[in-house]
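Structural features, examined
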Amino acid sequence: MSIRTRFAPSPTGSMHIGSLRTAAYAYALAKHSGGQFLLRIEDTDQKREVKGATQKIYDVLQKFDLGWDEKPVVQSQRLKIYQDAAQRLIQSGHAVSDQGAIRLKIPPRETISFHDFVLDHDVSWKSDDIPPAVLLKSDGFPTYHLAMPVDDHDMGITHVIRTVEWLPSTPIHILVFKYLNYELPQIGHPSAILDPAGGKLSKRKGNVSVEQFLARGYLPEALLNFVILLGWAPKDNRELFTLEQFVSTFDIKGFQKSNPIFNTQKLDWFNGHYIRQKSDTELTHLVKPYVKNKLSSTQITQVIPLIKDRLIKLSDFDQLTQFFVSRPAIPPNASVSPTHLKFAIVNIDAILNNEIVDKIKSQGWKVGDFFMSLRIAVCGSKFTPPITETMLVLGKEESLKRLNSAIGKLKID
RNA sequence: GGCCCCGUCGUCUAGUGGUCCAGGACAUCUGGUUCUCAUCCAGAAAAUCGAGGGUUCAAAUCCCUCCGGGGUCACCA
């Protein structure tokens, strides 16, 4: 029998980075063995539902190539099914009406346990510790505790992957599966991502939405690679994974049981790495939505090779190329030699043709010193891409203007 | 507080009784390449394996207690 997993988000806003990770795990578990990865929209709380959120879920999954099989199941379209299930539970004596809602009846003095395939051991509870959870709300909508067993059964889910915060309510679900005469699927609880400040990573504490990371210039492949390694690792210490590679090496034995802290330093490294993997053409295309300064399309194309090794996020583009659009101010106390600049003006063609080094040396100057003078005069910064190449992109005319302007300013000072 | 989960370098982790005085990656530091920065390459520092007891010839690996972290106790998921 093939493995069937599902990703079951609630459409309550933009997708959480942790949800992306859970989706990737569920996807990999299914696809590793050629199974199916299904999608379910858990929209049973009318108050929390956000319009457009469902579409966002589809968009994000597609952006990360986490394609799902079959038609997504939408819980709000299955109300009758849940209501019938609740009635059956009442009839079999396992649920009771309570002020318009229907609650699960908890059997006394029983031990409820299951084998968690992520934790890799049994977890058990005394039934007396379990609360009589509401299964069907008075508005006729099911709670998660009813909808999850019913849907996972109907969808033929074989393996449920959800983060540890669900572990405490698992005995409720086990009971519902049992009383509905449904076979219990395999259930596994990967760790929950923790906030660096403590507690679980939440929207209130910072940037946790996938959209925001994308908007800040992180590549999907970098985000995915980063996130799958928060709580999962292969036995051979590999770090770089495409989705396909992740799927093929995925193994439930790779789950780490402790909760990882969401430290994004490594994400930056992944992002820089994947940016450098791109061709100049691809990168030019990718960076365009982030270009807010006034560089023309041609200029962007010319500049990309110069800044490729310096980009950490796509959104760094403007900052790294600022001196292309605005004439820089010469920083005070900058060590710029007017003699260097005059020499550069006279020899501008040699500079642009990359034939200047010997001439610098024959002047008895250090090559580095000379270029630093140019760098500061032309870009107003001590840190830039190679200055000759930068001037080439700037053009002869603009380069001369800046050199002359710098000389003028230096004289005034 | 009750119940439940977890505890290896700052961070993500490898490790399932001996080959571990614990390996990799990020971050950090140093050196090399380079016209600066960055990239790239090389190297260093960094974990008494949460603590204390056991079991064993032998424990990061098994057991117990404690401590610490996290989750959950909604007609939210």
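Residues numbered from 1 in each chain as written. Chains lettered and ligands numbered in written order. Predicted model: local features only at pLDDT ≥ 70, side-chain atom pairs only at ≥ 80, totals over all residues. Heavy atoms only, no water.

1. So, the overall build of chain A
Threshold: Strands are runs of DSSP state E lasting at least 2 residues, helices are runs of H or I lasting at least 4, and numbering of each runs from the N terminus. A radius of gyration in this sense is built from C-alpha atoms; the matching globule rule multiplies 2.2 Å by the number of residues raised to 0.38. Each residue's exposure class comes from its accessible area (1.4 Å probe, protein chains only) as a fraction of the maximum for that residue type: buried when under 20%, exposed when over 50%, partly exposed otherwise. The contact criterion used is simple: two residues touch if any of their non-hydrogen atoms lie within 4.5 Å. The accessible surface values rely on the Shrake-Rupley method and a 1.4 Å probe; as for residues, cover is taken only from the protein chains in view. None of His or the chain ends enter the tally, which takes Lys and Arg as positive and Asp and Glu as negative. In plain terms, the charge of a residue is placed at NZ if it is Lys, CZ if Arg, CG if Asp and CD if Glu.
Summing up its helical and strand segments, chain A has 19 helices and ten strands in all. Taken over the C-alpha trace, chain A has a radius of gyration of 30 Å; the compact-globule value for 413 residues is 22 Å, which it surpasses by more than 25%. Projected onto its principal axes, the C-alpha positions of chain A cover 95 × 45 × 35 Å. Evaluated residue by residue, chain A yields a buried proportion of 51% over its 413 residues. Pairs at least 24 apart in sequence give 73% of the contacts found in chain A among residues at least 6 apart. By element, 51% of the accessible surface of chain A is carried by carbon and sulfur atoms, the whole surface being about 19800 Å². One finds the centroid of the 51 positive side-chain charges in chain A at a distance of 5 Å from the centroid of its 43 negative side-chain charges.

2. Some thoughts on the sheet that holds strand β8 (residues 134-136)
Formally: Two strands pair under a simple rule: DSSP has to find at least two bridges between them. Inter-axis angles, ranging from 0 to 180 degrees, are taken between N-to-C directions of lines fitted to C-alpha atoms, where helices are fitted over the stretch in contact.
Read across the sheet, three strands follow the order β4-β5-β8 without closing on themselves; strand pairing throughout is antiparallel. Each edge of the sheet is formed by a strand with only one pairing partner; in this case those strands are β4 (95-98) and β8. Neighbour-to-neighbour, the strand axes of this sheet turn through a mean angle of 40 degrees, independent of strand direction. As defined by bridge partners, β4 adjoins strand β5 (residues 101-104) across four bridges and the pair is classed as antiparallel. Within β5, the residue paired with Asp98 across the bridge is Ala101.

3. A word on the UniProt feature "domain: Glutamyl/glutaminyl-tRNA synthetase class Ib catalytic" (unreviewed entry) in chain A
Short version of the rule: UniProt positions are given in the numbering used here, feature names are shortened, and annotations may be inferred rather than shown by experiment.
If you check UniProt for "domain: Glutamyl/glutaminyl-tRNA synthetase class Ib catalytic" (unreviewed entry), the listed places come out as residues 3-98 and 101-269 in our numbering. As a span, residues 3-98 carries 42% helix and 17% strand, and end to end its C-alpha atoms are 38 Å apart.

4. A closer look at the packing of helix α10 (residues 280-287) against helix α11 (residues 297-307)
The line we're drawing: Crossing handedness is defined as follows: a turn of the near helix away from the far one that is anticlockwise and smaller than a right angle gives a left-handed crossing, while the clockwise case is right-handed. Each residue is assigned to one class: nonpolar for Ala, Val, Leu, Ile, Met, Phe, Trp, Tyr, Cys and Pro, charged for Asp, Glu, Lys and Arg, and polar for all the others, Gly among them.
Running from amino to carboxyl end, α10 crosses α11 at an angle of 115 degrees, the nearest separation of the two axes being 9 Å. Considering only the axes of α10 and α11, their crossing is right-handed. Along the contact surface, α10 presents Asp280, Leu283, Thr284 and Val287, while α11 presents Ile300, Thr301, Ile304 and Pro305. Among the residues making up the contact of α10 with α11, the classes are represented as five nonpolar, two polar and one charged.

5. Re the pairing of strand β2 (residues 36-41)
For clarity, the threshold we go by: Place the viewer so that the strands point away; then a crossover is right-handed whenever the path from the first strand over the helix to the second strand goes clockwise.
The element β2 is largely enclosed, with a buried count of six among its six residues. Side chains Gln36, Leu38 and Arg40 project from β2 onto one buried face, and the interleaved Phe37, Leu39 and Ile41 project onto a second face that is buried too. As paired elements, strand β1 (residues 4-7) and β2 share four bridges and run parallel to each other. Residue pairing for β2: Arg6 is matched across the bridge by Leu38. For the crossover from β1 across helix α1 (residues 17-32) to β2, the handedness is right-handed.

6. A word on the sheet that holds strand β3 (residues 73-74)
Read across the open sheet, the three strands follow the order β1-β2-β3; overall the sheet is parallel. Looking along the sheet, the strands with just one partner apiece sit at the ends: β1 and β3.

7. Brief notes about the packing of helix α7 (residues 220-228) against helix α9 (residues 265-277)
Our working rule: Any angle that falls under 35 degrees is termed roughly parallel, while one over 145 is termed roughly antiparallel, one within 65 to 115 roughly perpendicular, and all others oblique.
As a packed pair, α7 and α9 sit with axes 8 Å apart at the nearest point and diverge in direction by 140 degrees. When the interaxial angle is binned, α7 and α9 end up oblique. In the crossing of α7 with α9, the sense of the turn from one axis to the other is right-handed. Contacts between α7 and α9 involve Glu221, Ala222, Leu223, Asn225 and Phe226 on the former and, on the latter, Lys266, Leu267, Phe270, Asn271 and Tyr274. Residues of the contact of α7 with α9, tallied by class, amount to six nonpolar, two polar and two charged.

8. What to know about the pattern of salt bridges
Short version of the rule: Each reported salt bridge corresponds to a side-chain nitrogen of Lys or Arg within 4 Å of a carboxyl oxygen of Asp or Glu.
In this structure the tally under the stated criterion is 21 salt bridges. Where Glu398 meets Arg402, a salt bridge forms, and the shortest distance between an N and an O atom there is 2.7 Å. On the criterion of helical spacing, the pair formed by Glu398 and Arg402 is a turn pair, its members being four residues apart in helix α19 (residues 396-412). Assigned by exposure class, Glu398 and Arg402 land together as buried. When salt bridges that share partners are traced, they join Arg6, Arg40, Glu42, Arg78, Asp151, Asp152 and Asp154 into one network.

9. Description of the domain arrangement of chain A
Counted only if it meets this: The domain boundaries here were taken from an automatic or database domain assignment. Two parts placed together each lose some accessible area; with a 1.4 Å probe, that loss summed over both constitutes the buried area.
Here chain A is partitioned into domain 1 (4-188), domain 2 (203-276), domain 3 (279-321) and domain 4 (327-413). Inter-centroid distance (C-alpha atoms) of domain 3 to domain 4 is 24 Å. Buried area between domain 3 and domain 4, both sides added, is near 450 Å², and the carbon and sulfur share of it is 73%. Per-residue buried area on domain 3 facing domain 4 is highest for Gln302, Leu306 and Arg310; these three make up 83% of the total on that side. Linking domain 3 with domain 4 are zero salt bridges, by the criterion used here.

10. Observations regarding the protein's contact with RNA strand B
Under the convention used in this document: We call a residue near a given molecule or strand whenever any one of its heavy atoms falls within 4 Å of it. Polar contact is the term for a pair of N or O atoms within 3.5 Å; when the atoms are in protein, one must be able to donate a hydrogen and the other to accept it, and sequence-neighboring residues count only if both atoms are side-chain atoms.
Inspection of the region around RNA strand B gives 62 residues, with Lys137, Gln256, Asp309, Arg310 and Thr384 positioned closest. Counting only atoms of RNA strand B within 4 Å of the protein, the fraction found in sugar and phosphate groups is 73%. Taking Gly231, its main chain carries an N or O atom lying 2.5 Å from a phosphate oxygen of RNA strand B. One nitrogen or oxygen atom from the side chain of Gln265 is found 3.1 Å from a sugar or linking oxygen belonging to RNA strand B. Of all the secondary-structure elements, those providing two or more residues to the surface near RNA strand B are β5, β7 (121-126), α9, α17 (367-379) and α18 (387-394). Residues of the surface near RNA strand B, tallied by class, amount to 24 nonpolar, 19 polar and 19 charged.

11. Points about α17
Residue pairs spaced three or four apart in an α-helix point in one direction, given the helix's 3.6 residues per turn. Here is the rule we go by: Under the convention used throughout, the expected extent of a helix is 1.5 Å for every residue step, that is, one less than its residue count.
Between its terminal C-alpha atoms α17 stretches 18 Å, which fits the 18 Å expected from 13 residues at 1.5 Å a residue. Phe370, Phe371, Ser373, Leu374, Arg375, Ile376, Ala377, Val378 and Cys379 are the residues of α17 that are buried. Immediately downstream of α17, the backbone of Gly380 shows phi near 70 degrees, a positive value.

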